[in-house]
Amino acid sequence: MEFIDLKTQQGLLRERLDANIRKVLAHGQYIMGPEVRALEAQLAAYVGIAHAVACASGTDALLMALMAQGVGPGDAVFTTPFTFVATAEVIGLLGAVPVFVDIDPETYNIDPAALDRAVAAFREGDPSLHPLPRVAAGRARAVIAVDLFGLLADYEAIGAVAKKHGLFVVEDAAQSFGAERGGRRSCSFGDVACTSFFPAKPLGCYGDGGMCFTADDDLAATLRSLRVHGQGGDKYDNVRIGINGRLDTLQAAILLAKFEIFPEEMSRRQEVADRYSRAFAASTRLVVPPPHREGGEGESISAWAQYSLLARDEAQRADLMGRLREAGIPTAIYYPKPLHLQGAFSYLGYRRGDFPVSEDVARRIFSIPMHPYLTETDQERIVRALLG
Ligand SMILES: *Cc1c(COP(=O)(O)O)cnc(C)c1O
């Protein structure tokens, strides 16, 4: 059994993939070929936003989003410590200071009320109001909200806090492409949204890839410039410091083939998740994962990048994961160590206990196989191994 099965998908798409790859080999425009523009147009239309800017990875998408706003030394960028390292890494890479904010225990996404307290504490320079990094930073600039495991963050509440404090909002949608909230699709939230096409993400290529999305014409133009060494009117006119952040034409060609069946895969993911959720609902041994369907206007549909369960405690998690391992079922822990406790961020001076919800969830969470091609039989096996 696979944790994320990419082979079945490849089998289904093999001819389309081969045809798309052959086309690129025939025209030979390996860099910024027509497939890149076609992919940008298709994904912007799907998301329902004016601009999509393809780039080399989800990490580069986040980096470019911050660079486009001029984030640099002295700036504070608020984000969650319960995420993949790239979310906070790009902040540090630009010489800005990550200011961590704890998560909501139900959704594992950044807690908007805690964000409000964190910005206030930062402004006052008062760590008694909210834990703060022990390095100096001048201006509160931005918040990066993460749609963890595919579930969109609470952008209405985050937007209100951001507006109050004059922050711009970045949506880290690396795990949520295809998700919806209140009738809007993932990558349409915030001032700029960033997704990843890493193979295991909901829409993945066969290497690294990413994309920025924005409704803002000027921001889109800046992102396009940053992607190619800060280019101006032409290749040898450089108007700002940028990066080599282009998406390969071959990866765009692969994504175009995969995107054809992506909506179908999204509905399969819902069915798989629903089957799991029904099976686990009756169990008191495990806590049910984040809600993916809230009724009414705020209806939220996860992209189910991961299906994550919470155990009662660390020992029970070890026991449950052990049972699955014995049954030949792969599992993973996202994430075993919150970022404020990682060596890479020790310079910020955070301590254990600063973000109790993230620390508690990190000790109890684990993920089970989740992909559009998971069969009912395999799901029954997984459930039996866990609950049996
Ligand atoms: C995967 C991921 C990234 C980074 O994407 P890459 O394409 O691997 O660079 C950033 N943030 C989150 C939340 C991710 O899951």
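About the criteria used
- All chains use their own residue numbering, which begins from 1 and follows the written sequence.
- A pLDDT threshold of at least 70 governs which residues receive local features in this predicted model, and a stricter bar of 80 or more applies before side-chain atom pairs are shown or counted, although totals over entire chains, interfaces and linings include all residues.
- Only heavy atoms go into the side-chain values, all of them from the structure, while hydrogens and water stay out.
- Helical segments are the DSSP runs of H or I of at least four residues, strand segments are the runs of E of at least two, and each set is numbered from the N terminus.
- Two residues qualify as a contact provided that any one of their heavy atoms is within 4.5 Å of a heavy atom in the partner residue.
- Three exposure classes are used, based on accessible area relative to the maximum for each residue type with a 1.4 Å probe and protein chains only: buried under 20%, partly exposed in between, and exposed over 50%.
- Neighbouring residues are identified by heavy atoms, a residue being near a molecule or strand if any of them is within 4 Å of it.
- Two N or O atoms count as a polar contact when they lie within 3.5 Å, although within protein this holds only if one can serve as hydrogen donor and the other as acceptor, and sequence-adjacent residues are included solely when both atoms are side-chain atoms.
- Using only the protein atoms, space was sampled on a 1 Å grid; points where a 1.4 Å probe fits but cannot get out form cavities, open sets with protein on both sides within 12 Å along at least five of seven lines form pockets, and lining residues are those with an atom within 4 Å of a point.
- Think of it this way: if more than half of a molecule's atoms are within 2 Å of a pocket's grid points, that molecule is in the pocket or cavity.
- Residue classes follow a fixed rule: Ala, Val, Leu, Ile, Met, Phe, Trp, Tyr, Cys and Pro count as nonpolar, while Asp, Glu, Lys and Arg count as charged, and any other residue, Gly among them, counts as polar.
- A pair of strands counts as paired when DSSP detects no fewer than two bridges linking them.
- Axis lines are fitted to C-alpha atoms, over the contacting stretch for helices. Their N-to-C directions set the angle, which ranges from 0 to 180 degrees.

With that settled, the discussion passes to the side chain of Asn20. Position of Asn20 among the secondary structure elements: in helix α1 (residues 7–27). Those residues in contact with Asn20 that sit more than four places away from it in its chain are Ala253, Leu256 and Ala257.

Tyr334 connects to Tyr335 through a cis peptide bond whose omega is 0°. In the Ramachandran plot, His229 falls in the positive-phi region, its phi being about 55° despite a non-glycine side chain. Structurally, His229 can be placed in the loop between α7 (217–227) and α8 (249–260). Relative accessible area serves as the criterion here: at 39%, His229 is assigned to the partly exposed category.

Taken together, 15 residues are adjacent to the ligand, and Gly58, Thr59, Gln175, Ser196 and Lys201 come closest. A distance of 2.5 Å is found between an oxygen atom of the ligand and a side-chain nitrogen or oxygen belonging to Thr59. Structurally, the ligand is housed in the largest pocket. Of all the elements in the fold, those that place two or more residues in the shell around the ligand are α3 (58–68) and α4 (86–93). Here the shell around the ligand takes three residues from α3, the largest share from any one element. Among the residues making up the shell around the ligand, the classes are represented as five nonpolar, eight polar and two charged.

Spatially, β1-β9-β8-β5-β4-β2-β3 is the arrangement adopted by the seven strands of the open sheet, whose pairing is mixed. Whereas interior strands pair on both sides, the edge strands pair on one side only; in this sheet they are β1 (51–55) and β3 (97–100). Here the strands of the sheet are splayed against their neighbours by 25° on average, with no regard to which way each runs. As judged from the four bridges shared by strand β2 (residues 75–79) and β3, these two strands associate in the parallel manner. For Ala76, the partnering residue across the bridge sits in β3 and is Val97. Relative to strand β5 (residues 168–172), helix α6 (residues 155–165) is tilted by about 150°, and along the sheet it contacts β4 (139–146) and β5.

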